[in-house]
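# Per-entry structural report
Here is how the chains run, residue by residue.
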Amino acid sequence: MPQQTRDKHRLAGLSQGLLALGLLLLWCLLWGSFTPLTIITGILVSLGVSFTFYLPGVELSGRVNPWRVIVFFVVLAWDILRASIQIAWLAFAPNFKPGNAIVGIPLNTRSDLIMSWTSTAISIVPGSIVVDLDRSGSILYVHVIDVHSEEDIQRFIQEVLDTERRLVLAIGSKAEVVRVNEQHALARGRKNR
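All of the points below concern the structure found in this document. (Residues numbered from 1 in each chain as written. Predicted model: local features only at pLDDT ≥ 70, side-chain atom pairs only at ≥ 80, totals over all residues. Heavy atoms only, no water.)

### Section: unusual backbone geometry
Positive phi, normally seen in glycine, also occurs at Ser 138, with a value near 55 degrees. Mapped onto the elements, Ser 138 comes out in the loop between strand S2 (128–134) and strand S3 (139–145). Positioned with a positive phi, Asp 146 is a non-glycine residue whose angle comes to about 60 degrees. On the secondary structure map, Asp 146 appears in the loop between S3 and helix H5 (150–171). (Helix = DSSP H or I, 4+ residues; strand = E, 2+ residues; numbered from the N terminus.)

This is how it looks when you write it as structure tokens:
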């Protein structure tokens, strides 16, 4: 068997194993206990779900940069804190004028995992929520509050693309890292003109 085929089988097995582990963890959390009976029934349920329902395989890159993972979570925590303060300020501001938008943001990655994690990261930051994801076009449609100009929208789009870039640098494949870095350099070049 060629090395490339073995690598694909290994990554597919790892992906299925992580899925089963995630389902087992979810089962135990739903029941609120990690007793032997809960774990055994969780294993049976996760195997039943895996074999009964079609769950598309998530391709893992096989690459994790621990430093970039830490950077991603630190920046995400900062974004959540900053946005929470901004939303609290808006709630009590006497002269607040609402300005909302639904923004379509084309992502640079084609990875389902990166797209879903980017949409989750964007949605847990107060003030924005992903309302739709076009998987074939890699476009996130995000509802965002407190936007009043095209400049505000462009700033928000850049924040989303920066989140995606941090995720790709943390767990994306080498090809995705190159693609995202190229797009980042192009965007910086346009900005500096």
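And the narrative resumes.
### So, the nonpolar core
The biggest cluster of nonpolar side chains holds 16 residues, and the ones touching the most others in it are Val 103, Ile 105, Val 142, Phe 156 and Val 160. Residue assignment for this core shows that the elements contributing at least two residues are strand S1 (100–106), helix H4 (112–124), S3 and H5. Ranked by residue count, the leading element in this core is H5, at 5 residues. Residues within four places of Val 103 in sequence aside, it is in contact with Leu 140, Tyr 141, Val 142, Val 144, Ile 153 and Ile 157. (Core = buried A, V, L, I, M, F, W, Y, C linked by side-chain atoms within 4.5 Å. Buried < 20%, exposed > 50% of the residue type's maximum accessible area, 1.4 Å probe, protein only. Contact = heavy atoms within 4.5 Å.)

### Comments concerning the packing of aromatic side chains
Taken as a whole and assessed by the stated rule, the structure comprises 2 aromatic pairs. A ring pair is formed by Phe 72 and Phe 73, whose centres lie 5.1 Å apart and whose planes are at 75 degrees; its orientation type is edge-to-face. (Phe/Tyr/Trp six-rings, centres within 6.5 Å; stacked < 30°, edge-to-face > 60°.)

### With respect to the sheet that holds S2
Pairing within the open sheet is antiparallel, and its 3 strands lie in the order S1-S3-S2. Edge strands, defined here as strands with exactly one partner in the open sheet, are S1 and S2. Adjacent strand axes in the sheet meet at a mean angle of 20 degrees when their direction is disregarded. Here S1 runs beside S3; their pairing, made up of 7 bridges, is antiparallel. (Pairing = 2+ DSSP bridges. Axes fitted to C-alpha atoms, helices over the stretch in contact; angles between N-to-C directions.)

### Re the side chain of Asp 79
Here Asp 79 lies in helix H3 (residues 66–92). Not counting chain neighbours up to four residues away, the residues in contact with Asp 79 comprise Val 125 and Arg 166.

### Remarks on the pattern of salt bridges
Counted according to the given criterion, the structure contains 5 salt bridges. One salt bridge connects Glu 151 with Arg 155, and the closest N-O pair in it is separated by 3.2 Å. Here Glu 151 pairs with Arg 155, and both are found in helix H5, just 4 residues apart, close to one helical turn. The exposure class assigned to Arg 155 is partly exposed, which follows from its relative accessible area of 42%. Three or more residues joined by partner-sharing salt bridges are found here, namely Asp 79, Arg 82 and Arg 166. (Salt bridge = Lys/Arg side-chain N within 4 Å of Asp/Glu carboxyl O.)

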